[in-house]
Structure formats: structure tokens, C-alpha cells
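Chain by chain, the residues:
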Amino acid sequence: MDQQSETLGEKIRRARISNGFGLRELARQVDKAPSYLSDIEHDRRIPSEAVLRDVCKILSLDIDEMLSLAGRYGEETERYLKQNPAAGSLFRRVSKSRLNDAQLQELHNTLDELETTDEQSKKLP
């Protein structure tokens, strides 16, 4: 399967196997039942953010990508969106615009530049 079109469960399963973990071993490490992880791998359940973070840490997966595949934004992001209406408005505009991957990457790069500028201005005396 094309790795870009994999589901959350498929990515977790592929990473688990490629890291040499059995289902029971991974379940033991995240303190969950093997049947629960099996349900996640077969896309029958969406894990909580805490479980997903644990799995990502153990399997060296990108938490941002996995949260997106899970349809979650993360508690910190959800709190920020609630506290900053302009951020929520921007998010809805991006969603409504249906930007392609190249356009989203360009927007991401612009944000990186803004962060760099902000960090540099904080260092000034």
C-alpha cells in the first residue's frame, strides 16, 4: 500500500512490525489490552491522545501526522483554537479553500518564517 494513503491503524501496524514488536509486547508497553491495539490497527477504534502519544514515542512515529490521521488536533491546539477566534477562523478558511499539498507546504513554510522572526525579535536587547 502507498504509505501516503495508509490509515492510522495501517501506519501503526507497519511501524510496530518494522520495529520488531509483537502486538502483545506493544500492548504491554502502553499498558493496554492487545485486543484494544488490534482494534486500533484495524481502524475499529481511535486511540486517546495519551495512548497515541505513547505509541508514537515507542514506534518513533510523528505525533502530528498521527493526530491528524486520528482526526484529533491535540489538547494544546484545541485549547489554543478556543482561546483565539482568529486562529479558528484561519483554520476554517484553509479547510474551505481545499488547498493542495504544495499550497499547504507553502503556508507551512510561511509559518516557519514567522516563528523564526518572532524568536529572533525575542533575543534582541
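A. Expanded view of helix H1 (residues 8–18). Within the span of H1, buried status applies to Leu8, Gly9, Lys11, Ile12, Ala15 and Arg16. Taken around the axis of H1, the buried residues stretch over an arc of 165°, which confines them to a single face. On the buried face of H1, the contacting elements are helix H2 (23–29), helix H3 (34–41), helix H4 (49–59) and helix H5 (63–69). With its phi angle positive at about 80°, Gly20 sits one or two positions after the end of H1.

B. Region of interest: the environment of Ile63. Position of Ile63 relative to the elements: it lies in helix H5. Ile63 gets classed as partly exposed once you look at its relative accessible area, which sits at 22%. Apart from the residues within four sequence positions on either side, Ile63 is in contact with Leu52, Arg53 and Cys56.

C. Quick look at unusual backbone geometry. Located in the positive-phi region is Asp31, a residue other than glycine, with phi close to 60°. Among the secondary structure elements, Asp31 is positioned in the loop between H2 and H3. Notably, Arg98 is not glycine yet its phi reads approximately 55°, a positive angle. Summarising the element assignment, Arg98 is placed in the loop between helix H7 (85–97) and helix H8 (101–123). Given the relative accessible area of 69%, Arg98 is considered exposed.

D. The packing of aromatic side chains, seen in detail. Applying the stated criterion across every chain yields a total of one aromatic pair. Between Tyr73 and Phe91, the aromatic rings sit 5.3 Å apart at their centres with planes inclined by 85°, giving edge-to-face as the arrangement. Of this pair, Tyr73 sits in the loop between H5 and helix H6 (75–83) while Phe91 is found in helix H7, placing the two residues 18 residues apart along the sequence.

E. The nonpolar core, seen in detail. Counting residues in hydrophobic clusters, the biggest one holds 18 residues, and the most contacted among them are Leu8, Ile12, Leu37, Leu52, Val55, Leu59 and Met66. Considering every element that reaches this core, the biggest residue donor is H4, with five residues. Leu59 has contacts with Ile12, Ala15, Arg16, Asn19, Phe21 and Leu26, leaving out every residue within four places of it along the chain.

F. Expanded view of the environment of Glu75. Along the chain, Glu75 turns up in helix H6. Overall, the relative accessible area of 53% leaves Glu75 in the exposed class. Taking the C-alpha atoms as reference points, Glu75 and Glu49, 26 residues apart in sequence, are found 8.0 Å from one another.

G. Main features of the layout of surface pockets. Empty space within the largest pocket amounts to approximately 1900 Å³. As for the largest pocket, its lining consists of 33 residues, and the residues nearest its centre are Ser68, Phe91, Val94, Leu104 and His108. Of all the secondary structure elements, the ones that give two or more residues to the lining of the largest pocket are H4, H5, H6, H7 and H8. When its residues are assigned to classes, the lining of the largest pocket shows 13 nonpolar, nine polar and 11 charged.

Thresholds applied
Residues numbered from 1 in each chain as written. Predicted model: local features only at pLDDT ≥ 70, side-chain atom pairs only at ≥ 80, totals over all residues. Heavy atoms only, no water. Buried < 20%, exposed > 50% of the residue type's maximum accessible area, 1.4 Å probe, protein only. Helix = DSSP H or I, 4+ residues; strand = E, 2+ residues; numbered from the N terminus. Arc of directions from axis to C-beta. Contact = heavy atoms within 4.5 Å. Phe/Tyr/Trp six-rings, centres within 6.5 Å; stacked < 30°, edge-to-face > 60°. Core = buried A, V, L, I, M, F, W, Y, C linked by side-chain atoms within 4.5 Å. 1 Å grid on protein atoms, 1.4 Å probe; cavity = no way out; pocket = protein on both sides within 12 Å on 5 of 7 lines; lining within 4 Å. Points joined across faces, edges and corners; volume = space filled by probe spheres on them. Nonpolar A, V, L, I, M, F, W, Y, C, P; charged D, E, K, R; others polar.

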